[in-house]
Amino acid sequence: MGDIAEDETSFYSNAEDYWRDVPPTVDGMLGGYGSISSIDINGSKAFLQKFLGEGEGKTGMSCALDCGAGIGRITKRLLLPLFKTVDLVDVTQEFLDKAKTYLGEESKRVGNYYCNGLQDFVPESGRYDVIWIQWVIGHLTDDHLVEFLRRCQKALRPNGLIVIKDNVSYEGVVPDEVDSSVCRDLEILHSLVGRAGLRLVHEEQQMNFPKEIYQVHTLALR
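Residues numbered from 1 in each chain as written. Predicted model: local features only at pLDDT ≥ 70, side-chain atom pairs only at ≥ 80, totals over all residues. Heavy atoms only, no water.

**A look at unusual backbone geometry**
Apart from glycine, the bulk of residues carry a negative phi angle, and the bulk of peptide bonds sit in the trans form. Even without being glycine, asparagine 159 reaches a positive phi, approximately 65°. Among the structural elements, asparagine 159 can be located in strand β5 (residues 156-168). Although it is not a glycine, asparagine 208 adopts a positive phi angle of roughly 70°. Considering the arrangement of structural elements, one finds asparagine 208 in the loop between β8 (200-205) and β9 (215-221). (Helix = DSSP H or I, 4+ residues; strand = E, 2+ residues; numbered from the N terminus.)

Structure (structure tokens):
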């Protein structure tokens, strides 16, 4: 991916510029596909609930991190119903400001709103049961993604889980000039996960999404 991210600075700044112009709505967060939000959340909930609960080897439910959180669509409908506390991190301050009202009464259970790009973000060591990373890894270069996943692993509590849910291409790396991102195939994603020292615990394809969008896969890692 060296060529694509040759000008790393503009790769990141162009993405920031793109998101700055996106309306702080569910439809804006989903690039005009707001209608798939419920299908997405229900799939994520079924995936996550395989791991959560009491007992040996189960993932706790005290604190989660929503990466690339936007206005908090996933925090509101997936994470806050399951976890006592949720932190949000996003590169766009306007989205985080909107999250405070969008989340309503439940926003009092948000621990922190971090305005950072993930390439610079260092999650607090040992804080999180689940780190949820959805539709955002394409905004990181390969090296930054590997480094971010390593930092995430250090931020997990015992039996904690990192979840990546994202588009996968059919082959290779496909650049998107519009939002300054890339889409990687599954083989490349698996190799980056391995480079980060993480193991794949479980993987599923999200079903019932529109045919014209990329396949979306969910990976549980630790």
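Text resumes after the structure shown.
**Concerning the sheet that holds strand β1 (residues 63-67)**
Spatially, the 7 strands line up as an open sheet ordered β3-β2-β1-β4-β5-β9-β8, and their pairing is mixed. Looking at which strands have only one partner, the edges of the open sheet turn out to be β3 (110-115) and β8. When strand polarity is set aside, the average angle formed by the axes of neighbouring strands in this sheet is 15°. Pairing analysis gives 7 bridges linking β5 to β9, with the strands arranged antiparallel. (Pairing = 2+ DSSP bridges. Axes fitted to C-alpha atoms, helices over the stretch in contact; angles between N-to-C directions.)

**Quick notes on the layout of surface pockets**
Put simply, the largest pocket is a space of about 1100 Å³. In terms of lining residues, the largest pocket is bounded by 48 residues, among which Trp19, Met29, Trp135, His139 and Asp179 are the most central. Taken together, the elements giving at least two residues each to the lining of the largest pocket come down to α1 (8-20), α2 (26-29), β1, α4 (73-79), β2 (85-90), β5, β6 (173-176) and β7 (181-184). Counting residues per element, the lining of the largest pocket draws most heavily on α1, at 5 residues. Of the residues that constitute the lining of the largest pocket, the class distribution is 27 nonpolar, 13 polar and 8 charged. (1 Å grid on protein atoms, 1.4 Å probe; cavity = no way out; pocket = protein on both sides within 12 Å on 5 of 7 lines; lining within 4 Å. Points joined across faces, edges and corners; volume = space filled by probe spheres on them. Nonpolar A, V, L, I, M, F, W, Y, C, P; charged D, E, K, R; others polar.)

**Here's the deal with the packing of aromatic side chains**
Enumeration according to the criterion identifies 6 aromatic pairs in this entry. For the ring pair tyrosine 114 and phenylalanine 121, a centre distance of 5.0 Å and an interplane angle of 50° mean the geometry is tilted. According to the relative accessible area criterion, phenylalanine 121 is buried, its value standing at 3%. Within the aromatic cluster, the residues linked to one another by ring pairs are Tyr18, Trp19 and Phe95. Here the basic side chain of lysine 76 rests over the ring of tyrosine 102, its NZ or CZ set 4.4 Å away from the ring centre. (Phe/Tyr/Trp six-rings, centres within 6.5 Å; stacked < 30°, edge-to-face > 60°. Buried < 20%, exposed > 50% of the residue type's maximum accessible area, 1.4 Å probe, protein only. Lys NZ or Arg CZ within 6 Å of the ring centre and 35° of its normal.)

**Brief notes about the nonpolar core**
Counting residues in each nonpolar core, the largest one holds 31 residues, and the members touching the most others are Cys67, Ile131, Ile133, Phe148, Leu149, Ile162 and Ile164. Breaking this core down by element, the ones donating at least two residues are α1, β1, β4 (128-134), α6 (142-154), β5, α7 (186-195) and β9. The biggest single contributor to this core is α6, with 5 residues. Setting aside its immediate chain neighbours within four residues, cysteine 67 contacts Val89, Leu118, Ile131, Trp132, Ile133, Gln134, Val136 and Phe148. If you look at the next biggest cluster of nonpolar residues, it comprises 30 residues, including Met29, Phe51, Leu82 and Tyr102. (Core = buried A, V, L, I, M, F, W, Y, C linked by side-chain atoms within 4.5 Å. Contact = heavy atoms within 4.5 Å.)

**Concerning the pairing of β3**
One ladder, built from 4 bridges, connects β2 with β3; its direction is parallel. Residue pairing in the sheet places aspartate 90 in a bridge with cysteine 115 of β3.

**Considerations on the confidence of the model for the chain**
Model confidence for the chain is summarised by a mean pLDDT of 96, while 97% of its residues fall at 70 or above. Highest mean pLDDT in the chain belongs to β1 (99); lowest belongs to α1 (95). (pLDDT = per-residue confidence, 0-100.)

**Let's talk about the side chain of aspartate 40**
Looking at where aspartate 40 falls in the secondary structure, it is placed in helix α3 (residues 37-49). Looking at aspartate 40, its side chain comes within polar contact range of the side chain of lysine 165, at 2.8 Å. Ignoring anything within four residues of it in the chain, the contact list for aspartate 40 reads Arg73, Gln134, Trp135, Lys165, Gln206 and Phe209. (Polar contact = N/O pair within 3.5 Å; in protein donor to acceptor, adjacent residues only side chain to side chain.)

**A word on the pairing of β1**
Here β1 lies mainly inside the structure; 5 of its 5 residues are buried. Both faces of β1 are covered, namely the face carrying Cys63, Leu65 and Cys67 and the face carrying Ala64 and Asp66. Here β1 runs beside β2; their pairing, made up of 5 bridges, is parallel. Residue pairing across strands places cysteine 67 opposite valine 89, the latter belonging to β2. The parallel pair β1 and β2, bridged by α4, forms a crossover whose chirality is right-handed. Across 4 bridges, the pairing between β1 and β4 is parallel. Bridge pairing in β4 links leucine 65 to isoleucine 131. (Right-handed = clockwise from strand over helix to strand, strands pointing away.)

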